[in-house]
Amino acid sequence: MSTTQQKDGVWSMIKLGLTLAAYAVASCTVLAIVNNITAPVIARNQQAKADSGMKAVFEKAETFEEPSQPFDYSSNSITVDTLKLAKARDKVIGAVIQVTGPTYDHSTIVVGMDTEGTITGMKYLENTDTPGFGQKGSDPTFTLPSGKTFYGQFTGKKVTEGFVPGSTFDAISGATITSNGIANLMTEATKAMSAALEANK
């Protein structure tokens, strides 16, 4: 191979590298611009979806805001995914929380509670318990002898009564572990909300 051919080959490789680099820079620039445009929209949509879920368990709330003051809460097995203060006319009227923890497998629920310690609603976001048994908890077609759904029975309950399956709320027949798991989730959820409300008076 002649020196001229070698130089042409090297120059071709350099040109190819520069072309690829130019395409990469252009692509990154376009992606950055698109991200800057769409990220706020996506964030607003996600917030609207979250607020919609919170509204389902706290209808009287107008807005949901992060607590301004830290609150003391800890649990070994149950995770607080989100906790917001429920407000109406700029006044704190309660709190809404999303928690995840073990049931028969695991569940994620959203719970609302007003400042008087009354449950304003409970809703499942995820339930991976046994079909036909534990999943009755989140089934809108499954009703208890009271005529309410399993999750619907918590609305209006006072936190001070506690959450004891078969005593302070109706358990799911044949799903003792699920019922106990939900009792634990409700207990820890209300403890965390009470701590947040106390710290943010």
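Preceding this paragraph is the structure being described.
Thresholds, definitions, all that
- Along each chain, residues carry numbers from 1 onward, in the same order as the chain's sequence is written.
- Note on the predicted model: pLDDT of at least 70 is required for a residue's local features to be given, and 80 or more for side-chain atom pairs to be given and counted; whole-chain, interface and lining totals, by contrast, use all residues.
- Think of the side-chain values as coming from all heavy atoms in the structure, minus any hydrogens and water.
- To qualify as a helix, a DSSP run of H or I must reach at least 4 residues; to qualify as a strand, a run of E must reach at least 2; elements of each kind are numbered from the N terminus.
- Per-residue accessibility, obtained with a 1.4 Å probe over protein chains only, is compared with the maximum for each type, and a residue is labelled buried under 20%, exposed over 50%, and partly exposed between these values.
- The contact criterion used throughout is that any non-hydrogen atoms of two residues lie within 4.5 Å.
- Note that accessible areas follow from Shrake-Rupley with a 1.4 Å probe, and for residues the cover is restricted to the protein chains shown.
- Note: two strands are recorded as paired if DSSP finds a minimum of 2 bridges between them.
- To obtain an axis, a line is fitted to C-alpha atoms, over the contacting stretch when the element is a helix, and the angle between two such axes runs from 0 to 180 degrees between their N-to-C directions.
- Just to be clear on terms, a salt bridge is a Lys or Arg side-chain nitrogen sitting within 4 Å of an Asp or Glu carboxyl oxygen.
- By nonpolar core we mean a set of buried residues, namely Ala, Val, Leu, Ile, Met, Phe, Trp, Tyr and Cys, connected to one another through side-chain atoms within 4.5 Å.

A. Geometry of the overall build of the protein. Counting its regular elements, the protein contains two helices and five strands. Relative to its 201 residues, the protein shows a buried fraction of 35%. Look at the contacts in the protein between residues 6 or more apart in sequence, and 49% of them connect residues 24 or more apart. If you sum the accessible surface of the protein, you get close to 11,900 Å²; carbon and sulfur atoms cover 56% of it.

B. The sheet that holds strand E4 (residues 106–114), seen in detail. On the basis of which strands lie adjacent, the open sheet formed by five strands has the order E1-E2-E3-E4-E5 and antiparallel pairing. Among the strands making up the open sheet, the edge pair consists of strand E1 (63–65) and strand E5 (119–127). Put simply, the sheet's adjacent strands are angled 25° from each other on average, direction ignored. The pairing of strand E3 (residues 91–102) with E4 spans nine bridges and is antiparallel.

C. The arrangement of the pairing of strand E2 (residues 79–88) in detail. Pairing of E1 with E2, which is carried by three bridges, proceeds in the antiparallel orientation. Residue pairing for E2: Thr63 is matched across the bridge by Lys87. Counting the residues in the hairpin turn of E2 and E3 gives two residues, including Arg89, whose phi is positive at 55°.

D. Highlighting the pattern of salt bridges. For the structure on display, the rule yields three salt bridges. Glu65 is the salt-bridge partner of Lys87, the closest N and O atoms lying 3.4 Å from each other. Placement of Lys87 in strand E2 and of Glu65 in strand E1 is noted, with a sequence separation of 22 residues between them. Of the charged contacts, one joins Glu188 and Lys191 as a salt bridge, the two residues approaching to 3.6 Å between their closest N and O atoms. Residue Glu188 and its partner Lys191 are located together in helix H2 (residues 176–199), separated by three residues, close to a single helical turn. A relative accessible area of 16% means that Glu188 is categorised as buried.

E. Local environment of the nonpolar core. Among the nonpolar cores identified, the biggest contains 31 residues, and Ile109, Val111, Phe154, Ile182 and Met186 are the most heavily contacted of them. Every element with two or more residues in this core is listed here: E2, E3, E4, E5 and H2. Non-local contacts of Met186, meaning those with residues more than four positions away in its chain, are made with Ile109, Val111, Ile119, Met122, Phe154 and Phe163. Counting 10 residues, the second-largest nonpolar core is a separate cluster that includes Met54, Phe58, Ala61 and Phe64.

No statement about biological role is implied by the geometric values presented.
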